[in-house]
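Listed below are the residues making up each chain.
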Amino acid sequence: MGHKELFEMEMEQLKCHEGGCLCGQVRYRTFGNPERARVCHCRYCQLRAGSAFGTLVYFKKNNVEMISGDLSDYDFTTEMGKTWKNQFCSSCGTTILMHLEAWPGDIGVAGGTFDPPTFGYELSGEVFMRSKGQFVGEINAPRKMDTWLNYEPKETGEGRIDGSKNKKEKRR
């Protein structure tokens, strides 16, 4: 590897982007490019975000730094038997971070919490499209999945969590 390539790699690591919660008490900084960024229509993301989908931008754990504020945790186990922890502002409730057993070593950052330019990352996928709201249009993501890679629920869970009940006949 030449000097130019090494220099470019070092510059990528120096890239930083800040973000935070609605009330401004929680602030964070990310370094480098995300490992992946996905739009997720699963029921967990819909409930967590209070919206039709969640946007999760994953970084290596050592590339996310908390600057200020207190986070509260909500831990649960998915129908696949995997642990999931949401971290949100203790004051205003904005979800900031997600820790998923499915992505060890990475932290998901809520995509809408980055300071402008808020969406300065490319999406790598759109998942759990079976639960996609019928009013949500086309999302520009290269990989689209009805559920998730290796999705094998161990239990059906509560009806309010079962995204398969949202499956549409055919999208226009």
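Per-chain numbering applies: the sequence of each chain, read as written, is numbered from 1 onward. The predicted nature of this model means local features are confined to residues of pLDDT at least 70 and side-chain atom pairs, given and counted, to a pLDDT of 80 or more, with totals for whole chains, interfaces and linings taken over all residues. Here the side-chain values reflect all heavy atoms present in the structure, with hydrogen atoms and water set aside.

Engineer: What exactly am I supposed to notice about unusual backbone geometry here?
Structural biologist: Glycine aside, residues mostly have negative phi, and peptide bonds are mostly found in the trans state. Here the amide bond leading from Pro116 into Pro117 is cis, since omega sits at 0°, within 30 degrees of zero. Considering the arrangement of structural elements, one finds Pro117 in the loop between β9 (106-110) and β10 (125-127). One non-glycine residue with positive phi stands out, namely Phe128, at about 55°. Per the convention used, a helix needs a DSSP run of H or I reaching at least four residues, while a strand needs a run of E reaching at least two, with both numbered from the N terminus. Position of Phe128 among the secondary structure elements: in the segment after β10. Classification of residues uses two cut-offs on accessible area relative to the type maximum, computed with a 1.4 Å probe and protein chains only: under 20% is buried, over 50% is exposed, and between them is partly exposed. For Phe128, a relative accessible area of 9% gives the class buried. Positioned with a positive phi, Asn150 is a non-glycine residue whose angle comes to about 60°. Within the secondary structure, Asn150 is located in the segment after β10. Its relative accessible area of 59% is what places Asn150 among the exposed residues.

Engineer: Please explain the side chain of His99 as it appears in this structure.
Structural biologist: You can see His99 is positioned in strand β8 (residues 95-100). Pairing of N or O atoms within 3.5 Å defines a polar contact, subject to two protein rules: one partner must be a possible hydrogen donor and the other a possible acceptor, and residues neighboring in sequence count only if both atoms are side-chain atoms. In terms of polar contacts, His99 uses its side chain to reach the side chain of Gln87, at 2.7 Å. Leaving out residues up to four positions away in the same chain, His99 has contacts with Thr83, Trp84, Lys85, Gln87 and Ile107. The criterion used for residue contact is that any of the two residues' heavy atoms lie within 4.5 Å.

Engineer: Where do I start with the packing of aromatic side chains in this structure?
Structural biologist: Between 30 and 60 degrees the pair is tilted, below 30 it is stacked and above 60 it is edge-to-face, where a pair is any two Phe, Tyr or Trp rings, Trp via its six-membered ring, whose centres lie within 6.5 Å. What the rule picks out here adds up to 11 aromatic pairs. One aromatic cluster is present, formed by Tyr28, Phe59, Phe114, Phe119 and Tyr121 through successive ring pairs. Each ring is checked for a lysine NZ or an arginine CZ that lies within 6 Å of its centre and within 35 degrees of its normal; such an atom marks a charge sitting over the ring. Over the aromatic face of Tyr58 sits the side chain of Arg36, whose NZ or CZ is 4.9 Å from the ring centroid.

All quantities given are derived from atomic positions and should not be read as evidence of function.
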